[in-house]
Amino acid sequence: MAQINENYLKLAAGYLFPEIGRRVNAFAQANPEKRVIRMGIGDVTQPLTPAVIKAFHEGVEEMAHPATFKGYGPELGYAFLRTVIAEKAFASRGAHVSPDDIFISDGSKCDTGNIQEIFGSNSRIAICDPVYPVYADTTVMSGKTGNMMGNGYYDGIIYMPCTAENHFIPELPDEVPDLIFLCYPNNPTGTVATKDELKKWVDYALEHKSVILFDAAYEAFIRDPEIPHSIYEIENAEKVAIEFRSLSKTAGFTGTRLAYTIIPSALMGYDSQGNAIPVKKLWDRRHSTKFNGVSYPVQKAAAAVFSEEGQKETQAVIDYYMENAAIIKKSLTTLGYEVYGGENAPYIWTGTPGGMKSWEFFDLLLTRANVVGTPGSGFGPAGEGYFRFSAFADRENVLEAMERIKTV
Ligand SMILES: *Cc1c(COP(=O)(O)O)cnc(C)c1O
């Protein structure tokens, strides 16, 4: 008899985005004459830039000829890509990352989920609340939790509330975690962490031999020169932190797929006897056993993101989204909403008017303004009473959505 992994049955039904889709479709069917503007799901709207497309085409063309055709590539990624990443994404910011510590993959979603596999099944996990749902759900799937409790928390996860009171930066938890998920610039709150705040976490992890899982998917949206883009800008972080990067939001690769994860050689985990073991070795083993690499043309296209032309073009697209963010932030502030984020991240996090529940405000906005956002409570209990607007939209739609919201 095939027994299922019962951890999956613990997962709370109805992932956030399907529920949004269900409500939007029901509304659209009942009101076919209304044009709904979607500012909910965090997916990019602008195409790949010309330099990236050119390299992508060249990569495809190489696959067409015997002399340049490529079969399986290196499991960990082509050296040409790892080298350019080390130089352009890290060295240029004073963060030393060796190309040998960079693992190319097809997504940070999978990497942030799969990483738990190389740590002990008794590991205690700390996550922020609200949070990118992947961290909690994959912790549940891997059997490190009990059931969901009445307060919306899974038994066994250490939750760190992030609210306006602590400026959306969690306090050090009372109970010491083995693994700590941090995401800055943050999805969903759009807030950032300063060097001092990250240093506090690095020192804590050093003291407790914990590992920080740092998701930097939105680093390219940082405008403030004082805000770190990488956790490796913090001294000693290479001993305690894994960093996840993705070209999804940065360069419009959500449908093309390329991400990279850094596991420094100096990062140690411990066996049951307390012996230090380099974590990188385990991920290397896992990656080369379960993954066969990202396609060659995609890696060519990714390398072009880091070329001079690619950087310029990509920056222009990011500027476009960040102008959207500024428009949204200004409009909502003028209307009297409590507004956070949107300055160094493509997300704007607002308090709902009059203390309304997040889903209540979702329905109101959908029916009155035909605008779709994301209910904060979908990201965790501490997100209740908040709402997320995404700056990934066409300018026209942003402007019209902000006009319509005035009437809500
Ligand atoms: C979008 C996003 C990612 C990127 O995931 P990919 O699988 O690389 O597309 C990672 N982390 C967060 C928090 C995100 O919002």
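Since we're looking at a predicted model, the values are computed, not measured.

Novice: How should the layout of surface pockets be read in this particular structure?
Specialist: Think of a ball as big as a water molecule: rolled over the atoms, this probe shows where empty space is left. By volume, the largest pocket is sized at about 670 Å³. Along the walls of the largest pocket sit 28 residues, with Ala 12, Tyr 15, Pro 133, Asp 137 and Gly 378 positioned nearest its centre. Secondary structure elements with two or more residues in the lining of the largest pocket: α2 (16–30), β3 (125–129) and α6 (133–141). Looking at the lining of the largest pocket, the element that brings in the most residues is α6, giving 6 residues. Domain assignment of the residues forming the lining of the largest pocket places at least three in each of domain 1 (13–42 + 309–405) and domain 2 (53–306). Considered as a void within the structure, the second largest pocket measures approximately 510 Å³ in volume. Surrounding the second largest pocket, 24 residues form its lining, Gly 42, Lys 109, Tyr 132, Tyr 218 and Lys 249 being those nearest its centre.

Novice: Would you explain the pairing of strand β2 (residues 102–105) in this entry?
Specialist: Within a regular strand, side chains alternate between the sheet's two faces. Residue alternation in β2 divides its side chains into two sets, Ile 102 and Ile 104 and Phe 103 and Ser 105, and both sets are buried. The pairing of β2 with strand β8 (residues 259–262) spans 4 bridges and is antiparallel. Residue pairing in the sheet places Ile 104 in a bridge with Tyr 260 of β8.

Novice: Can you walk me through the environment of Phe 103 in this structure?
Specialist: In this structure, Phe 103 sits in strand β2. Overall, Phe 103 belongs to the buried group, its relative accessible area being 0%. Between the C-alpha atoms of Phe 103 and Val 44, which are 59 residues apart in sequence, the distance is 24 Å. Apart from residues no more than four positions distant in its own chain, Phe 103 is found in contact with Leu 76, Ala 259, Tyr 260, Thr 261, Ile 263, Lys 280, Trp 283, Asp 284 and His 287.

What counts and what doesn't
- Residues numbered from 1 in each chain as written.
- Predicted model: local features only at pLDDT ≥ 70, side-chain atom pairs only at ≥ 80, totals over all residues.
- Heavy atoms only, no water.
- 1 Å grid on protein atoms, 1.4 Å probe; cavity = no way out; pocket = protein on both sides within 12 Å on 5 of 7 lines; lining within 4 Å.
- Points joined across faces, edges and corners; volume = space filled by probe spheres on them.
- Helix = DSSP H or I, 4+ residues; strand = E, 2+ residues; numbered from the N terminus.
- Domains from an automatic or database assignment.
- Buried < 20%, exposed > 50% of the residue type's maximum accessible area, 1.4 Å probe, protein only.
- Pairing = 2+ DSSP bridges.
- Contact = heavy atoms within 4.5 Å.

Interpretation in functional terms is not warranted from these geometric data alone.
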